[in-house]
Each structure stands twice: as structure tokens, then as C-alpha cells.
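In case you want the letters, here they are:
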Amino acid sequence: MSPPVLPRTVPFPRAVLFDWDNTLVSNWACVVASINAALIAFGKEPWTLEEGYQRIRHSLRDSFPPLFGEDWLRARDIFYAHFRAHHLDHLVVLEGAEALLRDLRDRGIYVAVVSNKQGPLLRAEAEYLGWTGYFGRLVGATDAPADKPAAAPVDLALAPSGIAPGPDVWFVGDADVDMECAHRTGCLPVLVGHTPAGGAGLERFPPALRFDGCAAISALVQQNGDTISVPGW
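Rules of the game
- Residues numbered from 1 in each chain as written.
- Predicted model: local features only at pLDDT ≥ 70, side-chain atom pairs only at ≥ 80, totals over all residues.
- Heavy atoms only, no water.
- Axes fitted to C-alpha atoms, helices over the stretch in contact; angles between N-to-C directions.
- Helix = DSSP H or I, 4+ residues; strand = E, 2+ residues; numbered from the N terminus.
- Parallel < 35°, antiparallel > 145°, perpendicular 65-115°, else oblique.
- Left-handed = near helix turned anticlockwise from the far one by under 90°.
- Contact = heavy atoms within 4.5 Å.
- Nonpolar A, V, L, I, M, F, W, Y, C, P; charged D, E, K, R; others polar.
- Salt bridge = Lys/Arg side-chain N within 4 Å of Asp/Glu carboxyl O.
- Buried < 20%, exposed > 50% of the residue type's maximum accessible area, 1.4 Å probe, protein only.
- Arc of directions from axis to C-beta.
- Core = buried A, V, L, I, M, F, W, Y, C linked by side-chain atoms within 4.5 Å.

## Observations regarding the packing of helix H3 (residues 60–68) against helix H4 (residues 72–86)
Put simply, H3 and H4 touch, their axes get as near as 9 Å, and they point 120 degrees apart. One element, H3, and the other, H4, form an angle in the oblique class. H3 and H4 meet at a crossing whose hand is right-handed. Residues Leu60, Arg61, Phe64, Pro65 and Phe68 of H3 lie in contact with H4, whose contacting residues are Trp72, Ala75, Arg76, Phe79 and Tyr80. Within the contact of H3 with H4, the residues separate by chemical class into eight nonpolar, no polar and two charged.

## Here's the deal with the pattern of salt bridges
Tallied over the full model, the rule gives eleven salt bridges. Residue Asp77 pairs with Arg76 through a salt bridge whose shortest N-O separation is 3.2 Å. Ionic pairing is found between Lys148 and Asp178, a salt bridge with its closest N-O pair at 2.6 Å. Separated by 30 residues along the polypeptide, Lys148 in the loop between strand E6 (137–141) and helix H7 (152–158) and Asp178 in helix H8 (residues 176–185) bring together distant segments of the chain.

## Quick look at H3
An α-helical turn contains 3.6 residues, so any two residues separated by three or four positions project in the same direction. Taken residue by residue, H3 has Leu60, Phe64 and Phe68 as its buried positions. Angularly, the buried residues of H3 cover 20 degrees about the axis, an arc narrow enough to put them on a single face. Among the structural elements, helix H1 (28–41) and H4 are those in contact with the buried residues of H3. Looking at the residues trailing H3, positive phi occurs at Gly69, about 60 degrees.

## Describing the nonpolar core
Within the largest apolar cluster, 35 residues are counted, with the highest numbers of intra-cluster contacts made by Phe18, Trp20, Leu24, Trp131, Phe135 and Trp170. Counting residues per element, this core draws most heavily on helix H5 (residues 97–106), which supplies four residues. Those residues in contact with Trp170 that lie beyond four places of it in its chain are Val10, Pro11, Pro13, Ala15, Val16, Leu17, Leu188, Val190, Ile217, Leu220 and Ile228. The next biggest cluster of nonpolar side chains, apart from the first, holds 18 residues, and it includes Cys30, Ala38, Trp47 and Phe68.

Below you can see the structure in the form of C-alpha cells.
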């Protein structure tokens, strides 16, 4: 027997901050292939796609020094050379993502992105998709003094709106680092999708809400009022 559906009430969002990869779009195969280009160049074993899901959580400037040591800058250059050459060719929009962005825009909800993808690459992908107009700001790695899960990129993303971080700012992402960032800043942590091995950090930084995909969030924002009733999960 299925468990009962229990209502949950949360503040209607004044702003929604999105992660990018595996939240609105998928470019994971290219990310892992680019890391593998660097790993192979240094005589290291390449990763499978599943291993990439497990290991890639933080920005390159935070994750490459432990992985490559003193050679991390050269490994970074190999990664970005491969990624820049291929990332637009493999960019896939996730189901319901653009419809959700339209819904939020039409309702006057401020929308921005906080990603650990390098800022110029993030903005190039948004421009390629014709999505730039949906966002008040697209914040990527190295755009702020520190990267996600630090608070700095959240503050930068919200700055044009004048909205302060809080429970009426939803932080939507697919991984533990997104939920940690939401907890650190006092935003509402919303986990979306089914990224394999979402990270042990989900136990420390659990989502307040969890959804299969963007369409489920679209259904929520059709409600009116100061709060939203959300089915339990």
C-alpha cells in the first residue's frame, strides 16, 4: 500500500536559484570526457560516467588541486580545452526545464543560476539555448570570491533583485553541494531529478522538498497565495 500523501506548506518563492547541470540541462558526458582527457594526460585511470557522478561535486578550482596536486593548473587547461571544443555539441535540455523557466518569468518570480561550471561557459550555454533572458544573473565558478557551497555566489546571484536569502528563495539542484549551499544561506533546499549517488552530504544537508523533475515544480507555482501546499514524499 502506498504511504498517505501529507500536505506540506512552504513560502511561495520570491526568487528561485537553479543549479545548471543535471538540473536544467545535461552536459555530463562532456564534463566526464573532459576530466578524462586530463586524467589520461597524467597517466591516471579515466572515470566511468557513474564515477563522475560520485566524484564531481565542487568547482574545478576546489576539486582539481587534491586530484592533480602541483600539476592542477595544467590539468585545468587540458580540461577546458576539451570542454570548450565539445560542450555545445552535447548540451541537452532536461524535460520541463524551459516550461518551468517561462512559468516563473510569467509570474514575476526572480530567477538566477548558481553553478560550479566556469562562468563564461555557463553563459555561453544559456546564450546558445536562447535562455539568457530568463535569468537575472548567471553565476558560475570564479565569478564570486568563493564557489558553491559558499554563500558568496548566492549573494551575487540575488544582488540585482534586492531579495535577501531566506526561505522564500528556493535553491533547486540535483546534488548535496546544492543542498549544503541552501542550508548555509537559509534558502529553501529543493532536490530535483535522479542524479546517481547524490552525495553523502544529503544526510547532513537534507532537502526540504524533493521532486522527480522540473514539471513537478511548475505544478506547484500555479498555486496562488503566500504559501504553497506541497504533497509529502
